[in-house]
Amino acid sequence: MSELGQGLIDALKEARQHAQGKIAARTTKYNVPSVKIFEPQEVKSIRNSLGYSQTLFALILGVSPKTIEAWESGKNTPNGTSSRLLEIIQKAPDTLHSVGLV
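Residues numbered from 1 in each chain as written. Predicted model: local features only at pLDDT ≥ 70, side-chain atom pairs only at ≥ 80, totals over all residues. Heavy atoms only, no water.

Colleague: What should I look at first to understand the nonpolar core in this one?
Modeller: Side chains of a nonpolar character, in soluble globular proteins, are inclined to be buried together. By size, the foremost hydrophobic cluster in this structure holds 13 residues, and its most contacted members are Ile46, Phe57, Leu61, Ile68, Trp71, Leu86 and Ile89. Within the residue set of this core, elements represented by two or more residues are helix H2 (40-50), helix H3 (54-61), helix H4 (65-73) and helix H5 (80-91). Examining the composition of this core, we find that four residues originate from one element, H3, more than from any other. Beyond its immediate chain neighbours, meaning those up to four positions away, Ile89 contacts Ile46, Leu50, Phe57, Leu61 and Leu96. (Core = buried A, V, L, I, M, F, W, Y, C linked by side-chain atoms within 4.5 Å. Buried < 20%, exposed > 50% of the residue type's maximum accessible area, 1.4 Å probe, protein only. Helix = DSSP H or I, 4+ residues; strand = E, 2+ residues; numbered from the N terminus. Contact = heavy atoms within 4.5 Å.)

Colleague: Explain H3 here, please?
Modeller: Given 3.6 residues to a turn, an α-helix orients residues that are three or four positions apart in the same direction. Within H3 the residues assigned to the buried category are Phe57, Ala58, Ile60 and Leu61. The buried residues of H3 occupy an angular sector of 160 degrees when projected down its axis, which confines them to one face. Tucked into the core, H3 has its buried residues touching H2, H4, H5 and helix H6 (95-98). Downstream of H3 by a residue or two, Gly62 has a phi angle that is positive, lying close to 75 degrees. (Arc of directions from axis to C-beta.)

Colleague: Teacher, can you tell me more about helix H1 (residues 3-19) here?
Modeller: End to end, H1 covers 24 Å across 17 residues, agreeing with the expected 24 Å (1.5 Å per residue, within 8%). Gly21 lies just past H1 and shows a positive phi near 80 degrees. (Expected span 1.5 Å × (residues − 1).)

Colleague: I keep staring at the side chain of Ser82 and nothing clicks. Help me out?
Modeller: Within the fold, Ser82 resides in helix H5. The exposure class of Ser82 is buried, given its relative accessible area of 12%. Setting aside its immediate chain neighbours within four residues, Ser82 contacts Val63 and Trp71.

This is the structure in structure tokens:
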């Protein structure tokens with residue numbers, strides 16, 4: 001039997017033992033902060049600090065320019081995924097360069 005096959009069998013046996021209450025499973029706890037709600041001026045401030053137009057910022061975030069306009073005017077707010085990306089950009093603007101987005 002291959003090493004991979006044996007590893008899968010061992011993992012299944014361990015899972016069964018855990019399900020039967022014979023062993024405790026390893027757990028890891030993470031403290032993930034809530035997604036930030038961005039005010040219109042914050043979105044505009046992030047974009048302006050990078051020196052990007054609404055169109056370029058939209059391309060980078062994968063949204064339409066009208067979406068950026070709506071966020072900045074307060075007609076709409078960024079959703080969870082977009083808010084998390086804005087948080088990352090706000091805290092580490094060089095991230096965009098390091099991942100090759102600009």
